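Coordinates in review
The residues making up each chain are set out below.
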Amino acid sequence: MASQIGLASDWSYKIIKQVGNYGKVYDRNLGAESTYGLDRTGTANALYVDGGLMHPQPIR
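Turning our attention to the overall build of the protein. Assigned secondary structure in the protein consists of two helices and zero strands. With the C-alpha coordinates of the protein rotated into their principal frame, the extents come out at 40 × 25 × 15 Å. Within the protein, contacts between residues at least 6 apart in sequence are counted, and of these 3% link residues at least 24 apart. Counting 6 positive and 5 negative side-chain charges, the protein places the centres of these two groups 9 Å from one another.

Encoded structure:
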């Protein structure tokens, strides 16, 4: 599907490799590595298995 809109087949891999996954991005901008120091534990930003709203989308 990516090639149909002009993207390389590994476009998502390249993005995650360059900027990190959601957890890395959160920590860098809002979490422990930032000036805000917001903890994801027990919030909507936690992983689904930890009571949050973050869950992977199903792939069909």
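What follows deals with the pattern of salt bridges. Applying the stated criterion across every chain yields a total of one salt bridge. Its salt-bridge partner being Lys14, residue Asp10 comes within 3.7 Å of it at the nearest N-O pair. With a relative accessible area of 31%, Asp10 lands in the partly exposed category. Residue classification places Lys14 among the partly exposed residues on the basis of a relative accessible area of 42%.

Take the packing of aromatic side chains next. Enumeration according to the criterion identifies one aromatic pair in this entry. On the numbers, 6.1 Å between centres and 35° between planes, the contact of Tyr22 with Tyr26 is tilted. One end of the pair is Tyr22 and the other is Tyr26, both in helix α2 (residues 22–29) and four residues apart, which spans about a single turn.

A few words on the side chain of Ser34. Tracing the backbone shows Ser34 in the segment after α2. Polar side-chain contacts of Ser34 include one of 3.1 Å to the backbone oxygen of Leu30. In this structure the side chain of Ser34 is engaged in a polar contact, spanning 2.8 Å, whose partner is the backbone oxygen of Gly31. Not counting residues within four places of it along the chain, the set of residues in contact with Ser34 comprises Asp27, Arg28 and Asn29.

Calculation rules
Residues numbered from 1 in each chain as written. Predicted model: local features only at pLDDT ≥ 70, side-chain atom pairs only at ≥ 80, totals over all residues. Heavy atoms only, no water. Helix = DSSP H or I, 4+ residues; strand = E, 2+ residues; numbered from the N terminus. Contact = heavy atoms within 4.5 Å. Lys, Arg positive; Asp, Glu negative; His and termini not counted. Charge placed at Lys NZ, Arg CZ, Asp CG, Glu CD. Salt bridge = Lys/Arg side-chain N within 4 Å of Asp/Glu carboxyl O. Buried < 20%, exposed > 50% of the residue type's maximum accessible area, 1.4 Å probe, protein only. Phe/Tyr/Trp six-rings, centres within 6.5 Å; stacked < 30°, edge-to-face > 60°. Polar contact = N/O pair within 3.5 Å; in protein donor to acceptor, adjacent residues only side chain to side chain.

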